[in-house]
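Each chain is listed here by its residues.
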Amino acid sequence: MPYSRKRSGMEIRMKKGKRRILPGAALTALAAAVIVYCILISIEKNALAQYEKDVVWVARKEIMDGVLITQDNIEEYFVSKEMEKDLIPEKAIRKEEELFQRMIANPLDQGVVVTEGMTESPREIEKGMKEPVIAGFMADDLYQVVSGVLRGGDRIHIFTAEKEDGRVDLLWENIYVQEVFNSAGTVIPSQDHSMAAQRINILMEKRDIGEFYAKLLQGSLRIVKVV
């Protein structure tokens, strides 16, 4: 009987110990499960972040430098495309309005993601000029104006052809064509390749205007388009 009482006492103590251990073990297991869950969520987020996408604008076709992008012609030159964020250039243009009234600074190949450095504002052209002014003339004023295919954003070289000795000299190069108009005075959009330009506005230095119009009246000026 004494042995039986002693054994019963030990069993009671063991049961009490088990009751104390079980809640602690359960809490430890729960904490471990929470930690593992958080780690898995973090891994999943990192994995998904690698495949997160954003919209960029890609050249639909080859685009020559000097082309002015407007609301009217953006669909001709660019298309929006989703791309994984880790593949997108840091300064890629993501909103189409960021392209409006911007000029292509250098030729773009088809499929190129356009970035800020690939375009410039026509205003930026004026920064390198001392006194920029806009000079306008009629296509009829010149013997030939590239068959009327000039468009806003084009660059031209202006030559003088002297009738006396037949000599041809380059007077001004890389002159920026700001806008062109048809015979009714309506602006011709860049994507219109059929309408003939009748009136042309170009950006020139103020100091050159006198000579430009004097030679224009003489009929000695000739224009070529930069391609």
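Computed from a prediction, not measured in an experiment: that's the story for all the values here.

Definitions and cut-offs
Residues numbered from 1 in each chain as written. Predicted model: local features only at pLDDT ≥ 70, side-chain atom pairs only at ≥ 80, totals over all residues. Heavy atoms only, no water. Helix = DSSP H or I, 4+ residues; strand = E, 2+ residues; numbered from the N terminus. Polar contact = N/O pair within 3.5 Å; in protein donor to acceptor, adjacent residues only side chain to side chain. Contact = heavy atoms within 4.5 Å. Buried < 20%, exposed > 50% of the residue type's maximum accessible area, 1.4 Å probe, protein only. Pairing = 2+ DSSP bridges. Salt bridge = Lys/Arg side-chain N within 4 Å of Asp/Glu carboxyl O.

Just to check I follow, could you spell out the side chain of Asn182 for this structure?
Looking at the secondary structure, you find Asn182 in the loop between β8 (168–181) and β9 (199–205). Reaching out from Asn182, the side chain makes a polar contact with the backbone nitrogen of Thr186 at a distance of 2.9 Å. Discounting chain neighbours no more than four positions away, the residues touching Asn182 are Ile188, Met195, Ala196, Gln198 and Arg199.

What exactly am I supposed to notice about unusual backbone geometry here?
Positive phi is not limited to glycine here, since Gln101 has a value of about 60°. The exposure class of Gln101 is partly exposed, given its relative accessible area of 47%.

Sorry if this is basic, but what is going on with the pairing of strand β7 (residues 155–161) here?
Regular strands place their side chains on alternate faces of the sheet. With five of its seven residues buried, β7 lies for the most part within the structure. As paired elements, β7 and β8 share six bridges and run antiparallel to each other. Looking at β8, one finds that Phe159 is bridged to Leu170. Hairpin connection of β7 to β8: six residues between the antiparallel strands, including Gly166 at a positive phi of 70°. By the bridge criterion, five bridges tie β7 to strand β10 (residues 221–225) in an arrangement that is antiparallel. Each bridged residue has a counterpart across the sheet, and for Ile158 the counterpart in β10 is Ile223.

Is there a simple way to think about the pattern of salt bridges in this case?
In a structure, side chains of opposite charge can pair up when their charged atoms sit close to one another. Going through the model one piece at a time under the given rule, you end up with five salt bridges. Ionic pairing is found between Lys85 and Glu52, a salt bridge with its closest N-O pair at 3.5 Å. One end of the pair, Lys85, is in the loop between β3 (78–84) and β4 (102–104); the other, Glu52, is in the loop between α1 (2–50) and β1 (53–59), with 33 residues separating them in the sequence. Residue class for Lys85 comes out partly exposed when judged on its relative accessible area of 39%.

Before we go on, may I ask you to explain the environment of Phe159 in this structure?
Mapped onto the elements, Phe159 comes out in strand β7. According to the relative accessible area criterion, Phe159 is partly exposed, its value standing at 21%. Dropping the residues within four chain positions of it, Phe159 is found in contact with Val168, Asp169, Leu170, Leu171, Ser220, Leu221, Arg222 and Val224.

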